[in-house]
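Structure assessment
Next come the chains, spelled out residue by residue.
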Amino acid sequence: MVYSKIIGTGAYVPARIVKNDELSKMVETNDEWITSRTGIKERRISIGERTYQIAAKAATEAIKNAGIDKKDIDMIILATITPDFFMPSTANLVQAELGLEDIPSFDIAAGCTGFVYGLQIADQFIKSKQSKTILVIGAEVLSKVTDWSDRNTCVLFGDGAGAVVLKSSNQEGIICTYTGSQGDLQESLTLPAVPLKNPFLQVQNNNGKPNHISMCGKEVFQFATRIMIKSISQVLNKSNLLIDDIDYIIPHQANIRIIDHVARELKVERQRFIINLDRFGNTSSASIPLALDEAHKKKIFCPGNRVIMVAFGGGLTWGAALSNWTM
Ligand code: ACO
């Protein structure tokens, strides 16, 4: 039986720290509101670094941490909602940046669930023996699509990248994955692309929405709590495990109150949740690999631990991956 397992992690965040107090000079907000409603104290913001550049830095660290030759990488899957171009994909740019040749590389867009979708795809490629060593990256420069005049959203987001190397093994790493989506809820969380405009339109469309994230916070909040619990239950049921069999949960880092709610509902102590949103905010598809890498560097996980990664995001999308920790 062939399994896939994580053999290396890496992360990169821009150096520029923006604390809540700095935002309170830009919009009508304050540290007390942001901290109590979200748990976020500061975030990293790109000062010129592009999505592919921070992705390549995280990937380079993951390859080093895995102790492999980069030439062993036979696929790159990159999750992002903030690509540098429609074409080429950000994964293609990372491939060039890393100096890798002749391997497939592609982006996936599944909102903040992108990294979990990426893990699921990579796991399938490895289990079907079409690939052996895959880089899965989540990278975002959300600051370029944030409306910095909207206090409802600008306090939430940050920039960063995280990556893992997934390798084929006869030892079970990833136990199971689960993903879902519901497109009819799209309006609650959107980031428009370019508006439809061409010389052949009967009515010229000059009012395309700006390329900013807009969100109905309350709707997303309610959806997030419900769907994270469902996603965790799904991977537990699929693998015949109970929540007490799980050592750690790495949730999408959106809001501490969402995580607290999930912890209470599942009756899981908060210490078993890996949390770093206080320092990085919501980095969308980078949030789980960033938290995973930090926990790994702090030696929080031991070989034999079971870890669930669980996310929700624009789409709306959701998903979870349950893995043995083997490093
Ligand atoms: N500072 C001060 N006041 C604010 C701010 C702010 N930054 N933002 C909103 N307010 C005000 C509102 O205007 C409102 O004022 P009003 O009562 O006078 O109208 C009041 O605070 C309460 O606003 P709510 O929206 O009810 O605040 P809520 O407690 O719901 O918190 C929040 C808002 C933090 C956005 C919450 O709804 C949330 O976290 N939702 C989920 C968001 C999320 O998880 N997004 C993740 C997906 S996005 C992605 O990952 C790309």
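The residue numbering used here restarts from 1 in each chain and proceeds along that chain's sequence as written. For a predicted model such as this one, the threshold for reporting local features is a pLDDT of at least 70, and the threshold for listing and counting side-chain atom pairs is 80 or more; totals across whole chains, interfaces and linings nevertheless cover every residue. Computation of side-chain values: all heavy atoms of the structure, hydrogens and water removed.

1. Considerations on the environment of Gly313
Here a helix means four or more residues in a row that DSSP labels H or I, a strand means two or more in a row labelled E, and each is numbered from the N terminus. By the element assignment, Gly313 lies in strand E12 (residues 306-313). You can call Gly313 buried: its relative accessible area is 1%. Residues Gly313 and Val116 lie 197 residues apart in sequence; the distance between their C-alpha atoms is 11 Å. We call two residues in contact when some of their heavy atoms are within 4.5 Å. For Gly313, the residues in contact, after removing those within four places along its chain, are Cys112, Thr113 and Leu189. Between buried and exposed lies partly exposed: a residue is buried under 20% and exposed over 50% of the maximum accessible area for its type, with that area taken using a 1.4 Å probe on protein chains only.

2. Remarks on the site of the ligand
As a structural note, the neighbourhood of the ligand is formed by 23 residues, with Thr29, Arg37, Cys112, Lys218 and Asn255 the closest of them. Under this definition, polar contacts are N or O atom pairs within 3.5 Å; protein pairs additionally need one hydrogen-donor-capable and one acceptor-capable atom, and for neighbouring residues in sequence, both atoms have to be side-chain atoms. One of the side-chain nitrogen or oxygen atoms of Arg37 is found 2.7 Å away from an oxygen atom of the ligand. The separation between an oxygen atom of the ligand and a polar side-chain atom of His252 is 3.5 Å. Here the accessible surface of atoms and residues is derived via Shrake-Rupley with a 1.4 Å probe, and residues count as covered only by protein chains that are part of the display. When the ligand sits alone it has 1,000 Å² of accessible area, and the protein chains cover 76% of it. If you tally residues by element for the shell around the ligand, the top one is helix H7 (residues 217-238), at four residues. Classes in brief: Ala, Val, Leu, Ile, Met, Phe, Trp, Tyr, Cys and Pro nonpolar; Asp, Glu, Lys and Arg charged; the others, Gly included, polar. Across the shell around the ligand, the residue classes break down as 11 nonpolar, seven polar and five charged. Source of the domain bounds: an automatic or database domain assignment. Composition of the shell around the ligand by domain shows at least three residues from each of domain 1 (3-171) and domain 2 (176-324). Residues are classed as near a molecule or strand on a simple rule: at least one heavy atom within 4 Å of it.

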